[in-house]
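# Structure assessment
Chain by chain, the residues run as shown.
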Amino acid sequence: MMYYNMRIIRQAPFILVYLSGVWIAPVYLHPQCLDFKPPFQPQEQLAFCAMYKNFGCCDSAKDQELMAKFYRIMDNFDYYGYASCAGYVQDIICQECSPYAAHLFDAEDPSTPVRSIPGLCGDYCSQYWLKCRSTITLLSDDKHLAEIEQDQHRFCKHMELEDPDYCYPHLLSNDQLTRNLGRVNADPEGCLQLCLEEVANGLRNPLAMVHANDGTHRFFVAEQVGVVWTYLPDRSRLAKPFLNISKTVLTSPWEGDERGFLGLTFHPNFKYNRKLYVYYSVEVGFDERIRISEFRVSATDMNVVDHSSERIILEIDEPASNHNGGQLLFADDGYLYIFTGDGGMAGDPFGKYGNSQNKSALLGKVLRVDVDNNDRGPVYRIPPDNPFIRDPEARPEVYAYGVRNMWRCSVDRGDPHTREGKGRIFCGDVGQNKYEEVDIIEKGKNYGWRAKEGFSCYDKKLCSNSSLDDVLPIYAYPHKMGKSVTGGYIYRGCEYPNLNGMYIFGDFMSGRMMSLQENRRTRQWEYNEICMGMGLTCAFPGLINNYYQYIISFGEDEAGELYFMSTGVPSATSASGVVYKLVDPSRRAPPRKCHYDPLPVKVKSKLIKFNPKEKLTGVELPTKLPKEPAGQRPTAPARTQTTTTDWLQELMDLLREQEAALGRTTPATSRAGGGARTRRPGRQRKGRRRKGKPRSEASPRNGGVRLAGDEEGRNDRGRVEIYANGEWGTVCDDLWNTKNAAVVCRQLGYRYALKAAKHAEFGEGTRLNILLDDVQCAGTEQTLLDCKHAGVGKHNCAHYEDAGVICGNTEYVEY
């Protein structure tokens, strides 16, 4: 990584959208579904709302649900009524599948109430009212609509939207809304508009984010000072570091100091051999070196490295304090690749041609070694097909040469369907004083430095040497765009199909985010800048549109989603580093397509819950209730992201106060089976609302469940407690999975089981007996008692194995 010594002032997060001296502020489209996520292409054909079969907000399950609702309504009509109104009813019902459903239903974010009938254009509304107003009360149980049903003017006035561009059906013929629907938004200059999700913060120069590829979906973030932190899939961080060699690592608090802990990678067979490799600066006597070491994870704690297990794989003297390289990775061939810098200073002044062109030096190289089966004998071997293994004037470790200071490299996972591109290694190579470049690494190739910098000659004498035979970069950019490239990744994740095949990288100094995409016809790499979404582009719950300028590194999680790390102050001791996830707001994958069940992680350390700090900027999200006629109240209260207490929770709070006086306690988050269904934030339920009183704790039914133990008092998660044979008890997590969790969540009125929590994640229910063990559900049972189990009261487990769930009405977990 190449820093420039300059005074850097810490600033608040900002949006980098400066192009050619002009600030661009166009109006952007904002397709959004009622679950407050982007639309998608359904995996299966829609049978009922077929007008949205290619792109919209409904999968086949939702399509069937809407079809059933349609027939329930139309069963109230004779042949003539059916012929007159079926088309209107179908059109109105299917707007939940529109890619602009949130706009049609006035549900811009969870803080706004939602319509029960979508916004209708005036002419369409008049025709509908004249022909089919008898369907209004069948489509909606909104009392206000029932009161104005007989008044055409009041009804159609109520159906108007504040933004008339989105009313149905005129939005279908609005070219501005439909022309590029489903594509990544770009401004007139071609700058792609993406958004971010904050993932971690408070880090000291986070320069690596890696996963262990062991099925746990943990990710590990390394700080430059030599500390590595473990993050769980729910983004909570373990209080105890995974690795801490800060006392050995050579670094300093100076802004721009490139020395420190620089690289981390896990062995491809880590799940079985528990090995990982690190790259860091170290001082040995009066010498500065780079050290590559092997560690093993502790045999007693999967989240802590055994620090006594360190074995030094390789040490290389560093003649200067900069250009230290730092990348480690395993490619598809299973070998360990080590990317070293040229030794520092300017112009690679070491020897006649510099370190990079000298194949007998290990600096300025891509090295490849075999670290398999190294428990006895040498710590590494030379792969038999290394290109210079028979060259007496070359080090056999050398795989490629002529590099200056490659800062961040990655291996392409390949196209998810065709596997095209799989195994390619991409690197960003930091330039001298004119150009930054991106390269694809190939065996035995010369990447030109110091003869060339990008496509340009640097050392004219070397550059004119016909034997140079160097490989040109796939892209280079001048220093007016940025002065220190940070290599990235080819996106191969599941969640954002539009980004597939896009190489996303950045520049440390300018904060510029960039992308390259290969033209399959010409095999040339085409450039697009990436800007943060403007206007409403990023107005989705949990998304932001700004980041700290100094882009240090990129990372990929186990599922292939893409992240980057940046900081406000580029010092190894400044805790201003943040990890961001890249998000495409224009399109997502179909629901459940990207679902995975992480393997359980046995946690012995205290968990620190993630607390996001960054905010969406430049957008004032709606917080006011819609205007209503005088004397009328809105049909549903506004719900905010921070206050979600419902009537049942208030009742439980009152019960606790009353029982406390009697010496009894009701769990703060308990909810009896058969209780009221929690509504999705900001969205009122369609159809009839379930009415009735909550079931009393004094007379639960057999098989009833409740949730307890969530520290924040949320109703959608907790330890599972079941009522069986006259008492409440807990459930052991032996064989506990999402099918079991689905039975519990459905009992409590939720659509999805988002997580089957284990290991007493929500605390131990020690005041209760363990009633169920070895539960095995198909997922369709009415209660856990209907599933296979060891028998009520029969178990061979303890309360530290109490099972829990996280439920929801959307397909993502809100932490």
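Look up a bit, the structure's there.
All of these numbers come straight from a predicted model, not from anything done at the bench. (Residues numbered from 1 in each chain as written. Predicted model: local features only at pLDDT ≥ 70, side-chain atom pairs only at ≥ 80, totals over all residues. Heavy atoms only, no water.)

Right, let's get into the overall build of the chain. Per the secondary structure count, the chain includes twelve helices and 36 strands. Looking at the chain residue by residue over its 815 residues, the buried ones come to 58%. For the chain, the share of sequence-separated contacts (at least 6 apart) that also reach a separation of at least 24 residues comes to 64%. If you sum the accessible surface of the chain, you get close to 34,900 Å²; carbon and sulfur atoms cover 48% of it. (Helix = DSSP H or I, 4+ residues; strand = E, 2+ residues; numbered from the N terminus. Buried < 20%, exposed > 50% of the residue type's maximum accessible area, 1.4 Å probe, protein only. Contact = heavy atoms within 4.5 Å. Areas by Shrake-Rupley, 256 points an atom, 1.4 Å probe, with all protein chains shown as cover.)

Among the residues making up helix α12 (residues 738-747), those that are buried are Asn740, Ala741, Val743, Val744, Cys745 and Gln747. Residues of α12 that are buried in the fold lie against β31 (705-708), β32 (717-724), β34 (752-757) and β36 (804-808). The opening residue of α12 is Asn737, an N-cap whose side-chain oxygen sits 3.0 Å from the backbone nitrogen of Lys739. At the exit of α12 stands Gly749, carrying a positive phi of roughly 95 degrees. (Polar contact = N/O pair within 3.5 Å; in protein donor to acceptor, adjacent residues only side chain to side chain.)

Here we take up the packing of helix α1 (residues 60-74) against helix α2 (residues 79-93). Where α1 meets α2, the axes come as close as 10 Å, and the angle between the chain directions of the two elements is 150 degrees. Of the possible angle classes, the one that applies to α1 and α2 is roughly antiparallel. Classified by chirality, the crossing of α2 by α1 is right-handed. Of α2, the residues touching α1 (which contributes Leu66, Lys69, Phe70, Tyr71, Ile73 and Met74) are Gly81, Tyr82, Cys85, Ala86, Val89, Gln90 and Ile93. Class assignment for the residues of the contact of α1 with α2 results in ten nonpolar, two polar and one charged. (Axes fitted to C-alpha atoms, helices over the stretch in contact; angles between N-to-C directions. Parallel < 35°, antiparallel > 145°, perpendicular 65-115°, else oblique. Left-handed = near helix turned anticlockwise from the far one by under 90°. Nonpolar A, V, L, I, M, F, W, Y, C, P; charged D, E, K, R; others polar.)

In this section: the state of the cysteines. Put plainly, two cysteines are in a disulfide when a covalent bond ties their sulfur atoms together. Under the definition given, this model contains 14 disulfides. Disulfide partner of Cys58: Cys97, at an S-S distance of 2.0 Å. When the S-S torsion is -90 degrees, as for the bridge of Cys58 with Cys97, the disulfide is left-handed. With Cys58 in the loop between β2 (22-23) and α1 and Cys97 in the loop between α2 and α3 (101-104), this pair connects stretches of sequence that are 39 residues apart. Pair check on accessibility: Cys58 and Cys97 agree, each one buried. The disulfide partner of Cys125 is Cys156, and the gap between their sulfur atoms is 2.2 Å. Because the sign of the S-S torsion sets the handedness, a value of about -95 degrees for the bond joining Cys125 and Cys156 places this disulfide among the left-handed ones. Note that Cys125 is positioned in helix α4 (residues 122-132) and Cys156 in helix α7 (residues 152-158), a separation of 31 residues in sequence. (Disulfide = S-S within 2.5 Å.)

All right, on to the pattern of salt bridges then. Note that side chains of opposite charge can pair when their charged atoms are close. Enumeration according to the criterion identifies 41 salt bridges in this entry. Note that Asp375 is salt-bridged to Arg296, the shortest N-O span being 2.8 Å. On the criterion of sequence distance, the pair formed by Asp375 in the loop between β15 (365-369) and β16 (398-401) and Arg296 in strand β11 (residues 287-297) is long-range, its members being 79 residues apart. On the basis of relative accessibility, which here comes to 25%, the residue Arg296 falls in the partly exposed class. Across the salt bridge formed by Lys452 and Asp470, the nearest N and O atoms sit 3.4 Å from each other. Of this pair, Lys452 sits in strand β20 (residues 452-453) while Asp470 sits in the loop between α10 (460-463) and β22 (475-478), and the two are 18 residues apart along the sequence. Taken together, the salt bridges that share partners define one network made up of Asp412, Glu420, Arg424, Arg492, Glu518, Arg520 and Arg523. (Salt bridge = Lys/Arg side-chain N within 4 Å of Asp/Glu carboxyl O.)

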